[in-house]
Every structure is written in C-alpha cells, then in structure tokens.
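Secondary and tertiary structure notes
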Amino acid sequence: MRKISDPSQFWIYLAEQPLFFLVLTVLAYIIGDRISKATGRNPLANPVLIAILIIGAVLIATKTPHARYFEGARFVHVLLGPATVALALPIIRHRALIRRQWRAILGAIVIGAGVGIATASGLAILTGLSPETIASLAPKSVTAAIAMGISEQVGGTPPLTAVLVISTGILGAVLITPLMNLIGVTDYAARGFAAGLAAHGIGTARALQVNEKAGAHAALAMGLNGLVTALMAPLLLALLLR
Amino acid sequence: MLEGFAALIVLQLIGEVIAGLTRIPVPGPVIGLALLVAYALWRGGVPPAIEQAGEALLKHLSLLFVPAGVGLIAFGDKLLAEGPRLIVVLVLSTALTMIVTAFVFRALARKEGE
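Only a predicted model underlies this, so the values are computations on that prediction, with no experimental measurement involved.

The next point concerns the domain arrangement of chain A. Residue and element names in this part refer to chain A. One can read the domain layout of chain A as domain 1 (7-78) and domain 2 (85-240). Computed from C-alpha atoms alone, the centre-to-centre distance between domain 1 and domain 2 is 27 Å. Taken residue by residue, the interface counts 6 residues in domain 1 and 8 residues in domain 2. Here the side of domain 1 that touches domain 2 is composed, by residue class, of 4 nonpolar, 1 polar and 1 charged.

Shown next, in the form of structure tokens:
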C-alpha cells in the first residue's frame, strides 16, 4: 500500500476504491432508515430519499461522476433482480385473500393503469410539455425496466423515463399514507394496491414497511401494472396525441 | 439460505430468457416472480430456504433502490430544465392514480364474511 501524506491524496485514494461507494450507499441508507424509524416511519422521512440526498451531497462536494459512484453501488443494484422475484412471497402468503378479491383487483388494475397513463400524458399536454417528454412520462408508474422499454416504443427518452420513474416512486411513497388518510380509505389491501400500482417498487417497499397485507397487494399491483401499462400506453398515447 | 438465494437468481435468469425469447414487454425478474407464485400454487407452498433468502432481501428492499435513485442527482438538471411543470404533472398524476385506484378497489372489494 502506498503511503498517504496529505488529506487530498487520501481522498483520491478512497475515490479509486469501488468499495468506498458501496460503503457510502449502505451507510447513507442506514442513516435514512434510522431517521425514518426515529420519526415513527413518517412518510416524509423516506429512507431512500434521505440516502439519495446524503450520497448526492457527497458526490457533488467531491465532483465524483455518476459512473464512478455506480462502479461501487452496482453491487447493491444487482440485488434488485432477486428481490423482485422474492416479492412473490407476500403474494403467496396472502393468496387466499387475493383470490377472494379478484374482482376488486381486476377492476382497480385496469382503471388505475388507465388513469396513471392518461393523467400523466394528459396533464403533460395541458401544460405544454414537448411530445418527447409526454411520451417519456406516460409509463412513469411502472417499474423502471418496463417503463424504459415502453418509453422507447412510444417515442420517449428512456434515461429521462428512468428519472421520472424514480421520482414517481419516491413521491408515491411519501404521498400514499397522508392521501389515504385524507380520503378515508383504511383497508390495507386497497392502500397497498394503490401504492404498488402508482409507485412500483419504491411504493411497494413503503407498503411492506407499514403492513404485510398492504405489501402483498402492492407487490401484486406492481407486477400486474407492468403488464397492463405495456399494453395500454401505446393505445392511450395514440388517442391523446391525435 | 444460500440455496434459496441461488433459486431466486435462477428464477430471474429463467425469466430473462423467457423475456428474451418471447419478446413480451415484461422484465425477467417480474416473470421470475410470476413463476415463483405459480410454483407455490402448484406445490402448496415455498421451500423454507427460498423463504429465508427472500425475506432477508425484502427486509431492506428500500436500500436496493438507492443506487438507481442517485441517478436523480446526475440527471437532475434535466428535471429542473423542463421546469416545475414536470414536477406538478408528476405530483398530480401520482396522487390521482392512487386515489382512483384505492376507491375502485374499495368499491369492488368483498366485505369480511361475505
């Protein structure tokens, strides 16, 4: 190991280690999770949001490019795949309940997916955003991998869609609890379903944190909405942009 | 635990292969999720090893979104360049989607003991 004399050299040494950004990611999340717990899981103290702000501040202060950060952080990122498969577990555990509610699930998925696409593109048209942005916005409620594919298909920009998807997820996770309290929906199945449908994995993570039953319905809604939005988005966009 | 983790990755891989071959617009992990649900319905449950590994991953699901989320900082200029309009659209559309979905679900849901 080379000798490190002054602090700026020390930083250069650290920033060369992918492991440093892996550690930063986990530490920032632990801080976010502690704050979230300390506030009694207040929706505004979202652990993902806090972690992003901490890491963002470090990256900006040290002028670290995103690609360098991701060299370390991708070890966490790859676990999203098996974790998504594992979302089958809460669905399986609540299968009796889900089977009983198939009518509500079918109705809510079709109408919810439609409202998600139509309000995103409709409001974007009304506020005069560019056609490219409208197309990038349309699939914002579904998980990033699906949304980017849809975006490309309807003439959007996949990287912009990825940013909009993550923003939607965080917004949904923050808004779900206060909104549901406001409109008086107390059933955790309905609350979770809304969170997973509108805010994909980040909404599902929030739902799992609050209640198991909500988490199961969120996971189900997330999976189904990916499929339904992929089918509906091109059709609805063609209608709206006519 | 390790076998369970391996099983989850294998399910994802099978999902990726199916997605690639059939070109259905669903990502591999979501197909893997559907396969695991189908397996559990067929066998009446999930092997304890998968249960253990899966629960360990789901316990900190939020953590796994952090690296992708940091992309917000990298592409944040774009979000701000299109102005607050984009943010207004996101907030309104997300809120409306959740409200309508929850209401429709509640309206069609069977009540306890029905």
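Still more to cover.
This part takes up the nonpolar core. Counting 120 residues, the largest nonpolar core has Ala88 of chain A together with Val66 of chain B as the members making the most contacts within it. Excluding anything up to four places from it in sequence, Val66 of chain B contacts Thr25, Ala28, Tyr29, Val48, Ala51, Ile52 and Val76 of chain A.

Residue-level contacts link 90 residues of chain A with 63 residues of chain B. Sort the elements by how many residues they give to the side of chain A that touches chain B and helix H11 (residues 158-183) of chain A lands first, with 15 residues. The residue inventory of the side of chain A that touches chain B, partitioned by class, reads 62 nonpolar, 22 polar and 6 charged.

Our focus in this paragraph is the confidence of the model for chain B. Taken over all residues, the pLDDT of chain B has a mean of 89, while the share at 70 or more is 93%. The ipTM, which scores confidence in the relative placement of chains, is 0.91 for this predicted complex, and the corresponding pTM is 0.87.

As a further point, take helix H3 (residues 47-61) of chain A. End to end, H3 of chain A covers 21 Å across 15 residues, agreeing with the expected 21 Å (1.5 Å per residue, within 8%). In this structure, the buried side of H3 of chain A is in contact with helix H2 (18-38), H11 and helix H12 (188-210) of chain A together with helix H4 (61-64) and helix H5 (66-74) of chain B. A positive phi of about 55 degrees marks Lys63 of chain A, the residue just after H3 of chain A.

Residues and elements named next belong to chain A. Viewed as axis vectors pointing N to C, helix H8 (residues 102-126) and helix H13 (residues 212-240) meet at an angle of 45 degrees, and their least axial separation amounts to 8 Å. Our classification of the angle between H8 and H13 gives oblique. Like other packed secondary-structure pairs, H8 and H13 cross with a definite hand, here right-handed. Across the interface between the two elements, Ile105, Ile109, Val110, Ala113, Gly114, Gly116, Ile117, Ala118, Ser121, Gly122 and Ile125 of H8 pack against Leu220, Ala221, Leu224, Asn225, Val228, Thr229, Met232, Ala233, Leu236, Leu237 and Leu240 of H13.

What counts, and where the lines are drawn
- Residues numbered from 1 in each chain as written.
- Chains lettered and ligands numbered in written order.
- Predicted model: local features only at pLDDT ≥ 70, side-chain atom pairs only at ≥ 80, totals over all residues.
- Domains from an automatic or database assignment.
- Contact = placed C-beta atoms within 7 Å.
- Nonpolar A, V, L, I, M, F, W, Y, C, P; charged D, E, K, R; others polar.
- Core = buried A, V, L, I, M, F, W, Y, C linked by C-beta atoms within 7 Å.
- Buried ≥ 20, exposed ≤ 12 C-beta atoms within 10 Å, placed from the backbone.
- Helix = DSSP H or I, 4+ residues; strand = E, 2+ residues; numbered from the N terminus.
- pLDDT = per-residue confidence, 0-100.
- Expected span 1.5 Å × (residues − 1).
- Axes fitted to C-alpha atoms, helices over the stretch in contact; angles between N-to-C directions.
- Parallel < 35°, antiparallel > 145°, perpendicular 65-115°, else oblique.
- Left-handed = near helix turned anticlockwise from the far one by under 90°.

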